[in-house]
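Observations on the model geometry
Next come the chains, spelled out residue by residue.
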Amino acid sequence: MILNCESIKGEKSKWKEAGIKLPGYDIEGVRKNTENNPQWLHFGAGNIFRGFIAGLADDLLEKGLMTSGVIAAETYDGQIIEKIYEPYDMLTLSVGLRASGDSIKSVTAGIGGALRLDQNDFTKVKDIAINPSLQMISFTITEKGYACKDMKGKILAGINNDIEEGPGNNVTVMGIVTSLLYERFKNGAYPIALVSMDNCSQNGKKLRDAVIFIAEKWNLRGLIEKDFIDYISDDHKVSFPWSMIDKITPRPDERIAEELKNLGVEGMDPIVTEKHTFIAPFVNAEIPQYLVIEDKFPNGRPPLEKAGVYMTDRTTVNNAEKMKVMTCLNPLHTALALAGCILGFKKISDEMQDPDLKKLVYQLGDEGMKVVVSPGIINPKDFIKEVLEERLTNPNLPDTPQRIATDTSQKLAIRFGETIIGYTEQGQEDNLRIIPFVIASWFRYLVGKDDMGNDMPLSPDPMLDMMNSVMKGIDIGKDNDGVVAIDWILTNIDLFGSNLMEIDGLADKIKNYLKEMLKEPGAYRRVLHELVSE
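Described below are features of the structure shown in this document.

Each value, and the rule that gives it
Residues numbered from 1 in each chain as written. Predicted model: local features only at pLDDT ≥ 70, side-chain atom pairs only at ≥ 80, totals over all residues. Heavy atoms only, no water. Pairing = 2+ DSSP bridges. Helix = DSSP H or I, 4+ residues; strand = E, 2+ residues; numbered from the N terminus. Phe/Tyr/Trp six-rings, centres within 6.5 Å; stacked < 30°, edge-to-face > 60°. Buried < 20%, exposed > 50% of the residue type's maximum accessible area, 1.4 Å probe, protein only. Disulfide = S-S within 2.5 Å. Axes fitted to C-alpha atoms, helices over the stretch in contact; angles between N-to-C directions. Arc of directions from axis to C-beta. Contact = heavy atoms within 4.5 Å. Parallel < 35°, antiparallel > 145°, perpendicular 65-115°, else oblique. Nonpolar A, V, L, I, M, F, W, Y, C, P; charged D, E, K, R; others polar.

**Observations regarding the sheet that holds strand β4 (residues 92-97)**
Spatially, four strands are ordered β1-β5-β4-β13 in an open sheet, and the strand pairing comes out mixed. Two strands close off the open sheet at either side, each with one partner strand: β1 (20-21) and β13 (282-286). Two elements, β4 and β13, share five bridges in a ladder whose sense is parallel. In the strand pairing of β13, Ser94 is matched with Val283.

Structural data, given as structure tokens:
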């Protein structure tokens, strides 16, 4: 069996015998409809899109509630399209991993088209953008994809290039999307929704701010008219709904590839692109998934609620996002990522078998629950119970602390900053125990040595060079001079959500943890054990 349209059409019995569900709709007809009447364009063609977002479209197509698929656009790593989309006819083999060890396998065809935009060919995507039928443009480009400035307030090089070039010849997603909106404005000013589905706080606001920032710069340079800014500022014309997304989608696992080969599916080997994207013809992911979207679509939308999406108001989205990102999942992930790297773990589920680390995340969850606001549609206690007892412990999920440690500097403010603020507003900052330990763990991680003092590779992070200069000279077994070098980092409001040096006792608590973690080989385990045993 080969993952392409010919095989799933001509070898249906073989796929069925292998226990792999196939699409029941007319794939060719869907793709023609997508080309003629596009409804949904998505930026970010990676695993979370293929395994979750495109899966929603597949579900609606199966139910006869959509007639066109999602068009995937990739601006960063075009090899994803070249090596994973095109050879496999844009099909995805989705593998849902159960904690019991078995899996649910299906071929999905919710992707109705794919565009490689890293080579500056915008003709096709422009035609899609100006089509009146287009209802939404969605995004999974990671939080840093919306940034226009660095931590020092300097405009990023790519954004600056797009500002200088003006509409039509852009390199960043934000520049490209602003150009596409300008084309849509010039060709009828039709309404549309732009939906960030990235795992970050107030993602719709981040997207809107970036688009308007670029448009205003173009206007100042006389490259576009002010009427365009009025168009994108009118949420009855261009809306930027907020959302909360949750589905753990690790890198493709070699064991899954081997299992598929044993079932008779050829060509399943994962690849690593030249830009270090880990991808495969299949997507392995956990089964639980959540997507909550603000229901504000001025040009209509697919019936996403029929595919399990919560369509609601902005306040509910915000509370759901805070519940997940600030308390019930993401902080626990970051704590396990940092501790797991330092202690030499290779799987998150293995960490949950460690008594100290299990206590750590349970206590961290309790700490956050004291200031969480229930979104109403999801019970926080039920959500965190599922996370702790079913999701993080899933041994069939090949997720690693090293993957989750990527871009930690971009995650601290949202994952811990709001809880710190909540405690401070209640005058309870002295009661924070676990969050200061996790922040200290980040600094300890940045030393680049594991708990035994062996060299430890650090995951990619946009602040890595800066932090390496700060941590220079801080090492295991040294006096470390009170680790005063990190004081100015602790004042960074963008990094932590507030100036930690101004919160009574918090900075000292972080630095004391760090000093203890650095005293000798094995000190991190000792400090962790003492903390969770109190």
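**Here we look at the packing of aromatic side chains**
Centre distance and the angle of the planes are the two values used to describe a pair of aromatic rings. In this structure the tally under the stated criterion is twelve aromatic pairs. An angle of 25° between the planes, with centres 6.2 Å apart, marks the rings of Tyr182 and Phe185 as stacked. Here Phe185 and Tyr182 lie together in helix α8 (residues 173-186), a separation of three residues that amounts to about one turn. Here Tyr182 falls in the buried class, since its relative accessible area comes to 8%. The buried category is assigned to Phe185, whose relative accessible area is 17%. A ring pair is formed by Phe228 and Tyr231, whose centres lie 6.3 Å apart and whose planes are at 35°; its orientation type is tilted. Residue Phe228 and its partner Tyr231 are located together in helix α10 (residues 226-233), separated by three residues, close to a single helical turn.

**Concerning the state of the cysteines**
The tally for this structure, following the rule as stated, stands at zero disulfides. This cysteine, Cys200, is not joined by any disulfide, and Cys148 carries the nearest cysteine sulfur, 13 Å off.

**A closer look at the sheet that holds strand β14 (residues 290-294)**
Reading across the sheet, the three strands line up as β10-β14-β15 and stay open at both edges, with mixed pairing between neighbours. Only two strands of the sheet have a single partner each, and these edge strands are β10 (243-246) and β15 (310-312). Direction aside, the axes of adjacent strands within the sheet are offset by 15° on average.

**Some words on the pairing of strand β8 (residues 192-196)**
Burial analysis of β8 places five of its five residues in the buried class, the great majority of the element. Here β8 shows no split at all, with Ile192, Leu194 and Ser196 on one side and Ala193 and Val195 on the other all buried. The pairing of strand β7 (residues 136-139) with β8 spans four bridges and is parallel. Within the sheet, the bridge partner assigned to Ile137 lies in β8 and is Leu194. Relative to strand β9 (residues 238-239), β8 is paired through two bridges, and the arrangement is parallel. Residue Ile192 lies in a different strand from β9, and its bridge partner there is Val238.

**Examining helix α11 (residues 254-263)**
Within α11, the full set of buried residues consists of Ile256, Ala257 and Leu260. Down the axis of α11, the smallest arc covering the buried residues is 100°, so these residues share one side. Residues of α11 that are exposed and angled more than 90 degrees away from the buried face: Glu254 and Asn262. Packing partners of the buried residues in α11 comprise β4, β5 (103-108) and β13. Just downstream of α11 lies Gly264, where phi reads positive at about 105°.

**Description of the packing of helix α19 (residues 434-446) against helix α24 (residues 523-532)**
The geometry of α19 relative to α24 is characterised by a closest axis approach of 12 Å and an angle of 170° between their N-to-C directions. Here α19 lies roughly antiparallel to α24, going by the angle between them. Listed contacts from α24 to Ile434, Phe437, Ser441 and Arg444 of α19 are Tyr524, Val527, Leu528 and Leu531. Residue classes in the contact of α19 with α24 are distributed as six nonpolar, one polar and one charged.

**Structural notes on unusual backbone geometry**
Excluding glycine, a negative phi dihedral is what most residues carry, and trans is how most peptide bonds are arranged. Notably, Met90 is not glycine yet its phi reads approximately 65°, a positive angle. Given the relative accessible area of 16%, Met90 is considered buried.

**Details of the packing of helix α15 (residues 355-369) against α19**
Contact pair α15 / α19: the axes reach a minimum separation of 9 Å and the direction vectors enclose 125°. Between α15 and α19, the crossing angle belongs to the class labelled oblique. From α15, Leu360, Gln363, Leu364 and Glu367 reach across to α19, where they touch Ile434, Ile435, Phe437 and Val438. Looking at side-chain class alone, the contact of α15 with α19 contains six nonpolar, one polar and one charged residues.

**Topic: the environment of Ile104**
Mapped onto the elements of the fold, Ile104 is located in strand β5. Residues Ile104 and Asn318, 214 residues apart in the sequence, show an inter-C-alpha distance of 32 Å. Setting aside residues up to four positions removed in sequence, Ile104 forms contacts with Ser94, Val95, Gly96, Arg98 and Ile287.

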